[in-house]
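Remarks on the overall topology
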Amino acid sequence: MANYHKPDEKTLQGLKDIANKLRIHSIRATCASNSGHPTSCCSAAEIMSVLFFNTMRYKANDPRNACNDRFIMSKGHAAPILYAAWVEAGFVKEAELLNLRKIDCELEGHPTPKLAFVDVATGSLGQGLGAACGMAYTGKHFDKASYRVYCMLGDGECSEGAVWEAMAFASYYNLDNLVAILDINRLGQSEPAPLQHDMDTYRRRCEAFGWNTYVVDGHDVEELCKALWQAQQVKGRPTAIVAKTFKGKGLRGIENEDNWHGKPIPKDREEAVVSALQALIQTNKPLYPEQPNEDAPRLDLSPIRLPTPPAYKMGDKIATRRAYGVALARLGQGCSRVVALDGDTKNSTFSETFKKSHPNRYIECFIAEQNMVSVAIGCATRDRTVAFASTFAAFFSRAYDQIRMAAISQSNVNLVGSHCGVSIGEDGPSQMALEDLAMFRAIPTCTVFYPSDGVSTERAVELAANTQGICFIRTSRPDTQVIYSPEEKFVVGQAKVVRHSDSDRVTVIGAGVTLHEALAAADQLAREGVNIRVIDPFTIKPLDAETILFNARATGGRVITVEDHYKEGGLGEAVCAALGAEPGIVVQRLAVSGVPKSGKPQELLDLYGISAKNIVATVKSTFAN
């Protein structure tokens, strides 16, 4: 190991002075907004000073530079001190701090990537370290670059299980380019954190998860400098720096006191508090970050395309979940930025097809779906990868908060959920995704794909790779017939009319397995002299309202939706929302009701009223009424 060289006394004093400047900035900003978390900022002041002006390598005038070290403020409520650090680095104007939390200012209450120096949004606690894992994995294994990743966590958020999922992931993958700094300031929002200042227990927990761990005085800049230098020398393990700090450090009468969480300094005390901190500043010695190594590869950000059209013939049978694996492997042939993640379901989601073709671009996240989503978000930051993360669609409900935060993070992550609906059969309701469309439709940046055959699945994967925002692809377990030719063109938000005649009496809209049930119903009804129109929406969000409305009018305003999903929030509600303002249109919705049971797929489709025979009966009752 190289020998440690202690910074000279002027540098150490400069770091102490910057820490107090960061405190002052945080107090001024939160007083100006009359809201925020200055005491949470003050506990982290020395940590931020040492990180930004001694340890991290970055270009202060180019925060998104691919070669820069990364920093994630997982304790997002301490945002003002992050903004303050970038003031001292010269990127943010000091005067802008006084606009904190104002509607026309991008310095929001918690960090978001509206700011060039923020990669992922934080504020919902416990998620920053998982994203940091994704960045560190990308740096080590995909970019093969020297940038390092630093993540600051609060002690309160260490009660979140997601933190320990991330701790397990980082040690399993030997992410020695990752450092977690735990700001142990003892006090939570409403009462002390469970371990308070039991530093030995924090140390033993981190070590038990396989992390190289140092316990330091978080207000001693020399101790912090040394620990962060030591972390750079360690190979094969991530490092945790467990820093004992005090909430409100440096604020007389407030430091280490209860009931100051999320409260600005009272106006009548602001100047006295600031003056006391200013008196501690002894030098104006400028400190500048070291420049990064220019070794992150340049990216090709041109559109990503399948190398050839899908190889399926009309009439072939393949499950869309299997077609997803084929599509992703093929997409990866032409673009090295495509990576896949899974939660130990790769032989069911068929992400294993990608792994077999591109083993160095596959990340096994094991049964830790919250962390898998966070890692995928981290991988996708700064466009370093095009990340596809897959599991059973039902299990994304466990990671819904991470997905919600991905939208706030402006992430382009792609999520693929298999085993949707009762059509999975005997595994029963715990494995059946029946809420997922509602979940993802509610995410503001999300495009929801629901392909119905092998060709449309391949095109959904291709489109998702090129679509801004979150993409969700819903895949099914049963084999279904290929109904599109390999040359068929697909567009986000554009439905397909797959069966029509001039004498159609009803428009039936299905997706996935229910589209095939609708086609079977159309065949049976045609034999009885009744024609129906069948529509494949392809994307549930955005929904092709124009095509649906045109065909609804052409069939006398009679529409039936049929979906392998609960009625609430699914395809039927999307159609009703699209047609709600149109007079003379009646929508009947066939959907799963109640908690399902185990059974054979066709038995369950029949039992829950979404099979071909149920569609036939509903069409007939439409005329009977």
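Higher on the page you've got the structure.
Conventions used here
- Residues numbered from 1 in each chain as written.
- Predicted model: local features only at pLDDT ≥ 70, side-chain atom pairs only at ≥ 80, totals over all residues.
- Heavy atoms only, no water.
- Helix = DSSP H or I, 4+ residues; strand = E, 2+ residues; numbered from the N terminus.
- Buried < 20%, exposed > 50% of the residue type's maximum accessible area, 1.4 Å probe, protein only.
- Areas by Shrake-Rupley, 256 points an atom, 1.4 Å probe, with all protein chains shown as cover.
- Lys, Arg positive; Asp, Glu negative; His and termini not counted.
- Charge placed at Lys NZ, Arg CZ, Asp CG, Glu CD.
- Pairing = 2+ DSSP bridges.
- Axes fitted to C-alpha atoms, helices over the stretch in contact; angles between N-to-C directions.
- Contact = heavy atoms within 4.5 Å.
- Right-handed = clockwise from strand over helix to strand, strands pointing away.
- Core = buried A, V, L, I, M, F, W, Y, C linked by side-chain atoms within 4.5 Å.
- Phe/Tyr/Trp six-rings, centres within 6.5 Å; stacked < 30°, edge-to-face > 60°.
- Salt bridge = Lys/Arg side-chain N within 4 Å of Asp/Glu carboxyl O.
- Parallel < 35°, antiparallel > 145°, perpendicular 65-115°, else oblique.
- Left-handed = near helix turned anticlockwise from the far one by under 90°.
- Nonpolar A, V, L, I, M, F, W, Y, C, P; charged D, E, K, R; others polar.

**Considerations on the overall build of the protein chain**
Looking only at helices and strands, the protein chain has 21 helices and 19 strands in total. C-alpha atoms of the protein chain, sized along the principal axes, occupy 90 × 50 × 40 Å. Expressed as a percentage of its 625 residues, the buried residues of the protein chain come to 61%. When the accessible area of the protein chain is evaluated, it comes to approximately 23,500 Å², of which 47% is carbon and sulfur surface. Averaging the coordinates of the 68 positive side-chain charges in the protein chain and doing the same for the 71 negative ones gives two points 1 Å apart.

**Observations regarding the sheet that holds strand β5 (residues 239-244)**
The strand order across the open sheet built from five strands is β1-β2-β3-β5-β4, with neighbouring strands paired in parallel fashion. Every other strand in the sheet has two partners, leaving β1 (70-73) and β4 (212-217) as the edge strands with one partner each. On average, each strand axis in the sheet is tilted by 20 degrees relative to the strand beside it, whichever way the strands run. Inspection of the sheet shows strand β2 (residues 149-154) paired to strand β3 (residues 178-184) by six bridges, in the parallel sense. Bridging across to β3, L153 finds its partner in L182. Running over the sheet, helix α8 (residues 221-233) touches β2, β3, β4 and β5 and is turned about 170 degrees from β4.

**Notes on the pairing of strand β16 (residues 533-536)**
Burial along β16 is two-sided: R533 and I535 facing one way and V534 and D536 facing the other are all buried. In this sheet, β16 lies alongside strand β14 (residues 496-499) in antiparallel orientation, the contact comprising three bridges. Bridging across to β16, K496 finds its partner in D536. Where strand β15 (residues 507-510) lies against β16, three bridges are found, and the strand directions are parallel. Within β16, the position partnered with T507 by the bridge is R533. Traced from β15 through helix α17 (residues 513-527) to β16, the parallel crossover comes out right-handed.

**With respect to the nonpolar core**
In terms of nonpolar packing, the biggest core is built from 80 residues, with L129, L178, L341 and L415 touching the most fellow members. Ranked by residue count, the leading element in this core is helix α5 (residues 128-142), at eight residues. Beyond its immediate stretch of four places on either side in the chain, L178 contacts L129, A132, C133, A136, V149, A170, W211, P238 and T239. A465, Y484, A521 and A522 belong to the second-largest nonpolar core, a separate cluster that totals 58 residues.

**Here's the deal with the sheet that holds strand β9 (residues 386-392)**
Read across the sheet, seven strands follow the order β8-β7-β9-β10-β12-β11-β17 without closing on themselves; strand pairing throughout is mixed. In the strand order of this sheet, the two ends are held by β8 (362-364) and β17 (539-541), each with one partner. For this sheet, the mean inter-axis angle between neighbouring strands, taken without regard to orientation, is 20 degrees. In this sheet, β8 lies alongside strand β7 (residues 338-342) in parallel orientation, the contact comprising three bridges. What sits directly across from A340, in β8, is Y362. Lying over the sheet, helix α13 (residues 369-380) contacts β7, β8, β9 and β10 (414-418), oriented at roughly 170 degrees with respect to β9.

**Comments concerning the packing of aromatic side chains**
Applying the stated criterion to the full structure yields 23 aromatic pairs. When the ring of F91 is compared with that of F117, the centres are 6.2 Å apart and the planes differ by 90 degrees; the resulting orientation is edge-to-face. Taken together, the residues F91 in the loop between α4 (79-88) and α5 and F117 in the loop between α4 and α5 connect sequence positions 26 residues apart. Residue class for F91 comes out partly exposed when judged on its relative accessible area of 33%. Overall, F117 belongs to the buried group, its relative accessible area being 6%.

**Digging into the pattern of salt bridges**
As enumerated under the stated definition, the model contains 28 salt bridges in all. With a shortest N-O distance of 3.4 Å, K140 and D176 are connected by a salt bridge. On the criterion of sequence distance, the pair formed by K140 in helix α5 and D176 in the loop between α6 (161-172) and β3 is long-range, its members being 36 residues apart. Note that R533 is salt-bridged to D504, the shortest N-O span being 2.8 Å. Highlighted residues: R533 in strand β16 and D504 in the loop between β14 and β15, separated in sequence by 29 residues. Taken individually, R533 and D504 each receive the classification buried, so the pair is uniform in this respect. Sharing partners across several salt bridges, the network here consists of D200, R203, R204 and E207.

**As for the packing of α13 against helix α14 (residues 400-408)**
The relative placement of two packed helices is expressed as an angle between their axes plus a distance between the axes. Axis separation between α13 and α14 bottoms out at 8 Å; the angle between their running directions is 15 degrees. Here α13 lies roughly parallel to α14, going by the angle between them. In the crossing of α13 with α14, the sense of the turn from one axis to the other is right-handed. Within the contact between the two elements, α13 uses Q370, V373, S374 and I377 and α14 uses Q402, I403 and A406. Of the residues that constitute the contact of α13 with α14, the class distribution is four nonpolar, three polar and no charged.

**Overview of the packing of helix α1 (residues 9-33) against α8**
Where α1 meets α8, the closest approach of the two axes is 9 Å, and the angle between their N-to-C directions is 105 degrees. Regarding the angle of α1 to α8, the classification is roughly perpendicular. Residues L12, L15 and K16 of α1 lie in contact with α8, whose contacting residues are V221, E222 and C225. Its residues placed into classes, the contact of α1 with α8 shows four nonpolar, no polar and two charged.

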